[in-house]
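What follows is each chain in one-letter form.
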Amino acid sequence: MAKTEIAHRKKVRRRVGKKSNKTLFDKYELYRKAVQSAENDVQFIQNTFKELKGKNAKSFREDFCGTFALSTEWIKLNPRHEAIGIDLDPEPMAYGKQNYLTKLKPDQQRRMRLIEGNVLDPNLPKADIVAAMNFSYFCFKQRDLIKRYFANVYKTLNKDGIFLVDIFGGSQCFDAIEDEIKHEGFTYYWDQTNFDPVTNEALFHIHFKVGGKKIEQVFTYDWRLWTIPELREIMTEVGFKKVHVFWEGTAKDGSGDGNFTRVDHGESCQSWIAYIVGEK
Ligand SMILES: C[S@@+](CC[C@H](N)C(=O)[O-])C[C@H]1O[C@@H](n2cnc3c(N)ncnc32)[C@H](O)[C@@H]1O
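The residue numbering used here restarts from 1 in each chain and proceeds along that chain's sequence as written. For this predicted model, a pLDDT threshold of at least 70 governs which residues receive local features, and a threshold of 80 or more governs which side-chain atom pairs are given and counted, while totals over whole chains, interfaces and linings are taken from all residues. Based on all heavy atoms of the structure, the side-chain values leave hydrogens and waters out of the count.

Asks: Hey, could you go over the packing of aromatic side chains for me, with residue numbers and the actual values?
Replies: Aromatic rings in a pair are described by how distant their centres are and how their planes are angled relative to each other. Two rings from Phe, Tyr or Trp (for Trp, the six-membered ring) form a pair when their centres are within 6.5 Å of each other. A pair whose planes differ by under 30 degrees is stacked, one over 60 is edge-to-face, and the rest are tilted. In this structure the tally under the stated criterion is 35 aromatic pairs. Residues Tyr137 and Phe138 carry aromatic rings whose centres are separated by 5.0 Å and whose planes lie at 75 degrees to one another, so their mutual orientation is edge-to-face. We note that Tyr137, like Phe138, is buried. On the numbers, 6.5 Å between centres and 45 degrees between planes, the contact of Trp190 with Trp223 is tilted. Taken together, the residues Trp190 in strand S7 (residues 186-196) and Trp223 in strand S9 (residues 213-224) connect sequence positions 33 residues apart. Charge-over-ring placement is defined geometrically: NZ (Lys) or CZ (Arg) within 6 Å of the ring centre, and within 35 degrees of the ring normal. Positioned above the aromatic ring of Tyr100 is the side chain of Arg32, whose terminal nitrogen or guanidinium carbon lies 4.6 Å from the ring centre. We note Lys280 situated over the ring of Tyr154; from NZ or CZ to the ring centre the distance is 4.8 Å. Buried means the residue's accessible area, taken with a 1.4 Å probe over protein chains only, is under 20% of the maximum for its type, while exposed means over 50%, and partly exposed covers the values in between. Each helix corresponds to a stretch of at least 4 residues labelled H or I by DSSP, and each strand to a stretch of at least 2 residues labelled E; elements are numbered beginning at the N terminus.

Take a look at the structure:
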């Protein structure tokens, strides 16, 4: 059963803005429309903290933040909320500043902090919640390195904090496939060029077709495909006292229904997305 057609693409339920008709090619806008679901993600993150800790979180740190879409949505959720975005690359951050930050009210902008830096930096600001979304931590291919990252998150979480990552898997991840999804005004392609069963490494590309022209390899991801048990073990080793898995429910047509609940066991399917949540 295919729970989602392709794991990297989260459910996209937003309306397509009018701006796309005017803009021929804005790679971050297309990425946001095709791949991200920031509004849903922050709602899930907020609810999960409440469910696990019985109180509301205030500060949210978005590691590997790119255009910091999640941080922006976190700020909008509540006037008490504060967000910190961290990324190595100034380009997506500049895009976010120009396109998302400027749309926030002055009070909201003051509650946002952006750091061009490394998520492995031991002096990162602390937060109630740290999230690494869209599988960005898959760039850490060695166990020692991902363990160092998880240990750094543990150290820089507030007492009672939670760490949240998303993960995908399923038999389809081992195939070289190109998945094509039509959106209003453009087509999105998720291209898995290979999978190496010896190293569990895989190379992915995102292509877009806009105005009849296909633009190849707009984004490329060179990842190790980690598994849920590996990540749970590493989180436990660095000190997280409980590590939960939130698994997506299944709609009547066999696709994911967008509702994630805590489970001890999953079900085998071609393609799935889950969240792993560590409690400090
Ligand atoms: C797949 S993108 C994800 C962006 C964003 N989280 C999202 O959901 O769209 C991965 C991002 O991680 C950043 N990155 C990679 N290694 C990093 C590191 N060690 N520290 C901080 N950012 C890093 C890259 O610059 C890139 O913007």
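From this point, the narrative continues.
Asks: Can you break down the pattern of salt bridges residue by residue, with the values?
Replies: Salt bridges are counted wherever a side-chain nitrogen of Lys or Arg sits within 4 Å of a carboxyl oxygen of Asp or Glu. This model, assessed by the stated rule, comprises 19 salt bridges. The salt bridge partner of Asp107 is Arg111, with a shortest N-O separation of 3.2 Å. By relative accessible area, which is 37% here, Asp107 ends up partly exposed. Take Arg111: its relative accessible area is 12%, and that puts it in the buried class. Across the pair Lys182 and Glu180 runs a salt bridge whose closest N-O atoms are separated by 3.1 Å.

Asks: Give me the lowdown on the state of the cysteines, citing residues and values where you can.
Replies: The rule for a disulfide is simple: a pair of cysteine sulfur atoms within 2.5 Å. Counted according to the given criterion, the structure contains 0 disulfides. Cys139 carries a free sulfur, and the closest cysteine sulfur to it, the one in Cys65, is 13 Å from it. For Cys139, a relative accessible area of 37% gives the class partly exposed. The closest cysteine sulfur to the non-disulfide-bonded Cys269 is located on Cys173, 9.8 Å from its own sulfur.

Asks: Summarise the packing of helix H2 (residues 27-34) against helix H5 (residues 90-99); cite the residues concerned and give the values.
Replies: Angles shown run from 0 to 180 degrees and are taken between the N-to-C directions of axes, each axis being a line fitted to C-alpha atoms and, for helices, limited to the stretch in contact. Where H2 contacts H5, the two axes come as close as 11 Å, and the packing angle between them is 80 degrees. As far as their axial angle goes, H5 and H2 are roughly perpendicular. Along the contact surface, H2 presents Lys27, Tyr28 and Glu29, while H5 presents Glu91, Pro92 and Tyr95. The class makeup of the residues in the contact of H2 with H5 is 3 nonpolar, no polar and 3 charged. For classification purposes, angles smaller than 35 degrees are called roughly parallel, those larger than 145 roughly antiparallel, those between 65 and 115 roughly perpendicular, and all remaining angles oblique. Contacts: residue pairs with any heavy atoms within 4.5 Å of one another. Asp, Glu, Lys and Arg are counted as charged, while Ala, Val, Leu, Ile, Met, Phe, Trp, Tyr, Cys and Pro are counted as nonpolar; the rest, among them Gly, fall into the polar class.

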